[in-house]
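# Working through the structure, step by step
Residues per chain are reported as follows:
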Amino acid sequence: MKKRNLALTKALDWLKKHYMFLVVIVFLIIGIRTTMTIIQNGSQNKEEKSDKLYLLVDAGGAKLAMYEPQSFNALASSDEDIVYLNQLIFCSLFKLDDSLNIVPDLVNYYTVDTDTGGVYIDLKPEGKFYDGNPITASDVQRTITRIKEIGYTSPYYLYASKISNVTTYDEDSLYIQFQSIEDAALDNLVFPIVSAKDYKISGQFTKGSGPYNYAEYKEGKSIKLVPNPNYYDGVPTYTIDITIVQDKDKVLGLMTMDAVTAYLNRASGADVQAEGKSLKYQLVTSGELEFIGFNMRNEYTSMQAVRQALCHAIDRDKIIQEDYAGMGVTSDSLYFPGFLGAAKNKGITKDTKVTTDKLASIGFKDIDEDGMIETPEGDDLTLTMIVNKENTSRSDGAQNIVEQLEDVGITIKLEVLEKDVFQERLDAGEFDIYFGGIKMDKQFKMAELFGSNNYITYNNKEVLSRVKELEKAHTADEQSEIFSQLKTELNEDLPYFSICYRTYCFTTVDTFSDKNAPQYFNPYRDIANWRWQKRMTVDSDSEITTESEGE
């Protein structure tokens, strides 16, 4: 023990004498390692880390891309891009909010006569055209007349044709009478209002009443929109520049050069990595519904318990990921997610216990224990599903459903048909289940699914009555109450089952910001508040220059 203590004492004495020497050695080692790291990193990043610094500065208004228009006529042009631009150039009597509920635009006050199918309207006195002239009841009356004169070629004829007459009382007041009580819906009053003095059927540009107005058009090259200084809801700050393109597949490339700053891609699965520059994107729920329908002529699919059992065996999220490339969202009903602001719930989710319990409650069991469900008559439960061959996502999704139902002992014979054969089978009612889809406009009407000639011959009078009532003119609160009841009934009866609503890809430059995402029917919604920043470079001599920009 004494020897060990003596050795320890000698070691401590040596450390005290050579302390500073050891410190110097340690710092030299650290310094050498750091120098080597700096040299190595400097060698690797010599080209990347130049003597330039990058700053982000406000770049002004949005830059868009569109095809060359065939016509700019506000009421007659059916060009998809112009129909969307019209929502920037012109106000309408009513518009739709995030929940697809109808809200006033130019309307200050209104009342609905549900007994006669008429709507009394007072216009906002602050509503004005680009030239400062007020928007009057006569402008509304003349707009409706013009749309009817244009006829079926107008994208707004579907709405205006349901109006029988318009009576004006003074500059701000009018009464709109619909053809029938069933047609008396406020979402029929969503067409652009043009100036009675300025608009000509044969003309091109018409003075706007919305946040923007046409300012410059270079055929085949560009369009410029400028703020409407008289817009009632706040004058935008920036102009909008639009590049005319021949191929929208090239838009992502233009975005890498800041020639386009935002683009709503309706194709499935947009690639947000283009030419090495990262772009941002967010998914926008579309009006494209993918669903399955159950034939009420069939002995088994006409049974509510069977329909409920089948739906609870389907994993919709799996179908969206595997067959729709993730470009879809589920809804808690057949209608648009969050429709009319109704409370959202989980909806119908996969639960195979519910499936087996529902089937067992009506005598459908695996009697012989072969893994397959038998009917009360002792036969395997076998159903036929048809799908259009040309729609790859649906045909793949249908196969996915077949496999999922087989897992719970239900046999589905899938027939993937050519388009014309598929339609023939639908018309003839020769199917048990069909996988289909519909594309809604902003009115969001379900006539194809619940009309008198629906393919599944669905005839639940209570449900059909509420569907029709939902599409009549009511206040927002009344609409929400009607839909809340309808959603409960549809999720119980399940004549159709929503697989998903497809999503669009809203792609932007990485320095883009917005307050409100686009809507599927209004891709430029809230564009006045879109912002993006341009990269500026600071050279070694402290001069600020703009990065090169594609034209």
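These figures come from a predicted structure and were not determined experimentally.

### Overview of the overall build of the protein
Secondary structure summary: the protein contains 14 helices and 23 strands in total. Within the structure as shown, the protein displays about 27200 Å² of accessible surface, and the carbon and sulfur contribution to it stands at 49%.

### With respect to the nonpolar core
Among the nonpolar cores identified, the biggest contains 103 residues, and Tyr335, Met446 and Phe450 are the most heavily contacted of them. Sequence-distant contacts of Met446, defined by excluding residues within four places in its chain, comprise Leu289, Leu334, Tyr335, Ile438, Met440, Gly451, Glu471 and Tyr501. One finds Val387, Ile401, Val402 and Cys500 within the second-largest nonpolar core, a separate group that totals 33 residues.

### Here we look at the side chain of Thr206
Checked against the element boundaries, Thr206 lands in the loop between strand E8 (173-178) and strand E9 (212-218). According to the relative accessible area criterion, Thr206 is buried, its value standing at 7%. The contacts of Thr206, once residues within four sequence positions are left out, are Ala74, Phe90, Val194, Asp198, Tyr199 and Asn213.

### Some remarks on a negative patch on the surface
Among the surface-exposed residues, Glu299, Asp368, Glu369, Asp370, Glu377, Asp379 and Asp380 lie close enough to one another that they form a single negatively charged patch. With respect to the element layout, Asp379 can be found in the loop between helix H9 (352-361) and strand E17 (382-388). When its relative accessible area of 47% is taken as the criterion, Asp379 is described as partly exposed.

### Some words on the packing of aromatic side chains
Throughout the structure, instances matching the rule amount to 29 aromatic pairs. A ring pair is formed by Phe72 and Tyr217, whose centres lie 4.8 Å apart and whose planes are at 65 degrees; its orientation type is edge-to-face. Of this pair, Phe72 sits in the loop between strand E2 (63-67) and helix H3 (80-89) while Tyr217 sits in strand E9; the two residues are 145 residues apart in sequence, bridging distant segments of the chain. Accessibility expressed as a relative area gives 27% for Tyr217, which makes it partly exposed. Taken together through their ring pairs, the aromatic side chains of Tyr335, Phe336, Phe339, Phe444, Phe483, Tyr501, Tyr520 and Phe521 make up a single cluster. A cation over an aromatic ring shows up here: Arg266 above the ring of Tyr504, its NZ or CZ 5.5 Å from the ring centre.

### Some words on the environment of Ala325
Relative to the assigned elements, Ala325 resides in the loop between helix H8 (316-323) and strand E16 (328-329). Distance from Ala325 to Ser393, taken between C-alpha atoms, is 8.8 Å for residues 68 residues apart in sequence.

### Looking at the confidence of the model for the protein
In the predicted model, the protein carries a mean pLDDT of 85, and the fraction of residues at 70 or more is 85%. Segment residues 1-9 is flagged for pLDDT under 50; beyond a separation of four residues in sequence, or across chains, it makes zero contacts in the model. Residue range residues 21-50 is modelled with pLDDT below 50. Its contacts to residues more than four positions away, or to other chains, number two contacts.

### A short note on helix H14 (residues 476-493)
Residue pairs spaced three or four apart in an α-helix point in one direction, given the helix's 3.6 residues per turn. Compared with the 26 Å implied by 1.5 Å per residue over 18 residues, the 26 Å span of H14 between its first and last C-alpha is a close match. On the buried face of H14, the contacting elements are helix H7 (304-312), helix H12 (447-450) and helix H13 (461-470). Positive phi appears at Leu494, one or two residues downstream of H14, with a value of about 50 degrees.

### Here's the deal with the pattern of salt bridges
The final tally for this structure, using the stated rule, is 19 salt bridges. For Lys353, the salt bridge identified is with Asp357, shortest N-O distance 2.7 Å. With Lys353 and Asp357 both in helix H9, this residue pair falls four residues apart, about one helical turn. Of the charged contacts in the structure, one is a salt bridge between Glu415 and Arg425, with a shortest N-O distance of 2.8 Å. In this pair, Glu415 is assigned in strand E18 (residues 411-417) and Arg425 in helix H11 (residues 419-428), connecting sequence segments ten residues apart. Connected via shared salt-bridge partners are Arg142, Arg146 and Glu149.

### Comments concerning the sheet that holds strand E10 (residues 222-227)
Across the sheet, four strands lie side by side as E2-E11-E10-E9; this open sheet has mixed pairing. At either end of the open sheet lies a strand with only one pairing partner, and these are E2 and E9. With strand direction ignored, the average angle separating the axes of adjacent strands in the sheet is 25 degrees. Looking at chain direction, E2 and strand E11 (residues 240-245) are connected through five bridges and run parallel.

### Comments concerning unusual backbone geometry
For Leu340, which is not glycine, the phi torsion reads 60 degrees and is therefore positive. Residue position: Leu340 is located in the loop between E16 and H9. Even without being glycine, Thr457 reaches a positive phi, approximately 55 degrees. In this fold, Thr457 is placed in the loop between H12 and H13. Residue classification places Thr457 among the partly exposed residues on the basis of a relative accessible area of 35%.

### Here's the deal with the packing of H8 against helix H10 (residues 392-406)
Two numbers describe how H8 lies on H10: the axes approach to 10 Å, and their chain directions differ by 140 degrees. Classified by the angle between their axes, H8 and H10 sit oblique to one another. Crossing of H8 against H10: the hand is right-handed. Here Lys318, Ile319, Glu322 and Asp323 of H8 come into contact with H10, specifically with Ser393, Asp396, Gly397, Asn400, Ile401 and Gln404.

### So, H7
Buried residues dominate H7, accounting for eight of its nine residues. Residues Ala305, Val306, Arg307, Gln308, Ala309, Leu310, Cys311 and His312 constitute the buried set of H7.

### Quick look at the sheet that holds E8
Strand order in the open sheet made by the four strands is E5-E6-E8-E7, with antiparallel pairing throughout. Looking along the sheet, the strands with just one partner apiece sit at the ends: strand E5 (107-113) and strand E7 (163-168). Sheet twist, expressed as the average angle between the axes of neighbouring strands with direction ignored, equals 20 degrees. In this sheet, E8 lies alongside strand E6 (residues 118-123) in antiparallel orientation, the contact comprising five bridges. Residue pairing in the sheet places Gly118 in a bridge with Gln177 of E8.

### So, the environment of Asn228
Relative to the helices and strands, Asn228 resides in the loop between E10 and E11. In sequence terms Asn228 and Gly210 are 18 residues apart; their C-alpha atoms lie 6.9 Å from each other. Apart from the residues lying within four places of it in its own chain, the contact partners of Asn228 are Lys128, Phe129, Tyr130, Gly208, Ser209, Gly210, Pro211, Tyr212 and Val235.

### Some thoughts on the pairing of strand E15 (residues 280-294)
Where E15 and strand E20 (residues 496-508) come together, eleven bridges link them in antiparallel fashion. What sits directly across from Tyr281, in E20, is Thr507.

Each value, and the rule that gives it
- Residues numbered from 1 in each chain as written.
- Predicted model: local features only at pLDDT ≥ 70, side-chain atom pairs only at ≥ 80, totals over all residues.
- Heavy atoms only, no water.
- Helix = DSSP H or I, 4+ residues; strand = E, 2+ residues; numbered from the N terminus.
- Areas by Shrake-Rupley, 256 points an atom, 1.4 Å probe, with all protein chains shown as cover.
- Core = buried A, V, L, I, M, F, W, Y, C linked by side-chain atoms within 4.5 Å.
- Buried < 20%, exposed > 50% of the residue type's maximum accessible area, 1.4 Å probe, protein only.
- Contact = heavy atoms within 4.5 Å.
- Patch = residues over 30% accessible without salt bridge, like charges linked within 9 Å, V, L, I, M, F, W, Y side chains within 5 Å.
- Salt bridge = Lys/Arg side-chain N within 4 Å of Asp/Glu carboxyl O.
- Lys, Arg positive; Asp, Glu negative; His and termini not counted.
- Charge placed at Lys NZ, Arg CZ, Asp CG, Glu CD.
- Phe/Tyr/Trp six-rings, centres within 6.5 Å; stacked < 30°, edge-to-face > 60°.
- Lys NZ or Arg CZ within 6 Å of the ring centre and 35° of its normal.
- pLDDT = per-residue confidence, 0-100.
- Expected span 1.5 Å × (residues − 1).
- Pairing = 2+ DSSP bridges.
- Axes fitted to C-alpha atoms, helices over the stretch in contact; angles between N-to-C directions.
- Parallel < 35°, antiparallel > 145°, perpendicular 65-115°, else oblique.
- Left-handed = near helix turned anticlockwise from the far one by under 90°.

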